[in-house]
Amino acid sequence: MAIIIKSRADIQAMKESAQINAEVLCKLRDAVRPGVKTKELDKIAAETIAQRGGKPAFLGHPKGSPHPFPAIITVAINEQLVHGIPGERMLAEGDIVSLDCGTIYKGFVSDSAFSMGIGKIAPEAQRLLDVTETSLYKGIEVCVPDNRIGDISYAIQTYVEGQGMQVVREYGGHGVGRSMWEDPHIPNWGDPGRGNRLKPGMTFALEPMVMPGDPTTRVLQDHWTVVMADGGLCAHFEHTIVVTENGPEILTKMD
Ligand code: MG
Ligand code: MG
């Protein structure tokens, strides 16, 4: 498993790509309210990426698939975990929504996501959002040279389970760069001290997916939408980061 070390110029291009992706997510966050159709959010993402001279990374992905992803962003509501297809559904007060976007710019992919409540949400839903977001930062914190991939997995899992919640097993973070999924896969669970050593210039998308209940998932008949098998709530936060000599730097930071 070869992890690609990016040059300074590559990292600069990734930063620019990541800034566009962060701008998209900020605009989506501002647009989220009861009554908005998820396809309207997709349109905002398409327009923002185009205005900035980027290309959407998810549209048509993966190449050659009989069921390529048909939209710019993924939208997952309540028991939907990831990879939901935008459409006619309207956001409703009390829902939690997860929005994920990928941008290609100057040949580099950036990938980030967040979950948020719509209007007033239940206290346990808010706690799920808080635990999931914090777990992402627990994973990012340990992205320092000489740590290992397993240290990231372990940091996320132990924090989440310490809060009485679960991490999903089938999906996780990944290397990111010239393609959306580079080596390595970064599970949100596992043992410390295992896997590749981290080095400056490695770029990853970390993405904990967390739920208070059973972490078993299934995929809907649309070939994409991943939902919790038990119908429970779930949340997802993601950043594209680079490992530097001085520790992790978040490239997709939102204002
Ligand atoms: Mg993503
Ligand atoms: Mg990702």
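Placed above this text is the structure.
Residues numbered from 1 in each chain as written. Chains lettered and ligands numbered in written order. Predicted model: local features only at pLDDT ≥ 70, side-chain atom pairs only at ≥ 80, totals over all residues. Heavy atoms only, no water.

K.L.:
How would you explain the coordination of the magnesium ion (ligand 1) if you had to name every residue and give the values?
P.N.:
Ligation of the magnesium ion (ligand 1) by protein atoms is provided by Asp100 (OD), Asp100 (OD), Asp111 (OD) and Glu238 (OE), these donors lying 2.0 to 2.4 Å from the ion. When the donor residues of the magnesium ion (ligand 1) are listed from N- to C-terminus, their spacing reads D-x10-D-x126-E. A gap of 3.2 Å separates the magnesium ion (ligand 1) and the magnesium ion (ligand 2), which aspartate 111 links by coordinating each metal. Here aspartate 111 lies in strand 5 (residues 108–117) and aspartate 100 lies in strand 4 (residues 96–105), a separation of 11 residues in the sequence. For aspartate 100, a relative accessible area of 7% translates into the label buried. Its relative accessible area of 3% is what places aspartate 111 among the buried residues. (Donors = N, O, S within 2.8 Å, 3.2 Å for Na, K, Ca; no water. Helix = DSSP H or I, 4+ residues; strand = E, 2+ residues; numbered from the N terminus. Buried < 20%, exposed > 50% of the residue type's maximum accessible area, 1.4 Å probe, protein only.)

K.L.:
Outline the pattern of salt bridges, supporting the account with residue identities and numerical values.
P.N.:
Within this structure, the stated rule accounts for 11 salt bridges. Residue lysine 6 is joined to glutamate 182 by a salt bridge in which the shortest nitrogen-to-oxygen separation is 2.6 Å. Of this pair, lysine 6 sits in the segment before helix 1 (8–31) while glutamate 182 sits in strand 8 (residues 182–186), and the two are 176 residues apart along the sequence. This pair shows no difference in class: lysine 6 is buried, exactly as glutamate 182 is. Glutamate 249 is the salt-bridge partner of lysine 15, the closest N and O atoms lying 3.4 Å from each other. One end of the pair, lysine 15, is in helix 1; the other, glutamate 249, is in strand 15 (residues 247–250), and 234 residues separate them in sequence. Look at glutamate 249 and you get partly exposed, because its relative accessible area is 33%. Among the ionic contacts, a cluster of salt bridges with common partners joins Glu23, Lys27 and Arg52. (Salt bridge = Lys/Arg side-chain N within 4 Å of Asp/Glu carboxyl O.)

K.L.:
Which residues make up the nonpolar core, and what are the values?
P.N.:
Counting 48 residues, the largest nonpolar core has Leu41, Ile73, Val97, Leu99, Ile152 and Phe204 as its most contacted members. Top element by residues in this core is helix 3 (residues 123–141). It accounts for six residues. Apart from the residues lying within four places of it in its own chain, the contact partners of leucine 41 are Leu28, Ala31, Val32, Val36, Ile73, Leu91 and Leu99. (Core = buried A, V, L, I, M, F, W, Y, C linked by side-chain atoms within 4.5 Å. Contact = heavy atoms within 4.5 Å.)

K.L.:
Break down the sheet that holds strand 6 (residues 166–167) for me, citing the residues and quoting the values.
P.N.:
Pairing is antiparallel across the open sheet formed by three strands, whose spatial order is 6-10-13. Across the chains shown, the open sheet's two edge strands, defined by having one partner strand only, are strand 6 and strand 13 (235–236). Relative to strand 13, strand 10 (residues 209–211) runs antiparallel, the two sharing two bridges. When the sheet's bridge partners are listed, methionine 209 is paired in strand 13 with histidine 236. Where helix 3 meets the sheet, it contacts strand 10 and strand 13, and its direction lies at approximately 150° from that of strand 10. (Pairing = 2+ DSSP bridges. Axes fitted to C-alpha atoms, helices over the stretch in contact; angles between N-to-C directions.)

K.L.:
For the packing of aromatic side chains, give the residues involved together with the corresponding values.
P.N.:
The geometry of an aromatic ring pair is captured by two quantities: the separation of the ring centres and the angle between the planes. In the structure shown here, the tally under the stated rule is one aromatic pair. With centroids separated by 5.1 Å and ring planes inclined at 80°, the aromatic side chains of phenylalanine 69 and tryptophan 224 adopt a geometry described as edge-to-face. Taken as a pair, phenylalanine 69 in the loop between strand 1 (55–56) and strand 2 (73–77) and tryptophan 224 in the loop between strand 11 (217–219) and strand 12 (226–228) lie far apart in primary sequence, 155 residues in all. Look at tryptophan 224 and you get buried, because its relative accessible area is 14%. Geometry around tryptophan 189 places arginine 169 over its ring, the cationic atom sitting 5.2 Å from the centre. (Phe/Tyr/Trp six-rings, centres within 6.5 Å; stacked < 30°, edge-to-face > 60°. Lys NZ or Arg CZ within 6 Å of the ring centre and 35° of its normal.)

K.L.:
Outline the coordination of the magnesium ion (ligand 2), listing residues and values.
P.N.:
For the magnesium ion (ligand 2), the full set of protein donor atoms is Asp111 (OD), His174 (NE2), Glu207 (OE) and Glu238 (OE), and the range of their distances to it is 2.1 Å. Sequence positions of the donors to the magnesium ion (ligand 2) reduce to the motif D-x62-H-x32-E-x30-E.

K.L.:
Tell me what's going on with the side chain of glutamate 238, and back it up with residues and numbers.
P.N.:
In this fold, glutamate 238 is placed in the loop between strand 13 and strand 14 (239–244). No salt bridge is formed by the buried glutamate 238, whose closest oppositely charged neighbour, lysine 6, lies at an N-O distance of 13 Å. Aside from chain neighbours lying at most four places away, what touches glutamate 238 is Asp100, Asp111, Ser112, Ala113, Leu136, His174, Ala205, Leu206 and Glu207. (Lys, Arg positive; Asp, Glu negative; His and termini not counted.)

So yeah, pure geometry; function would need other evidence.
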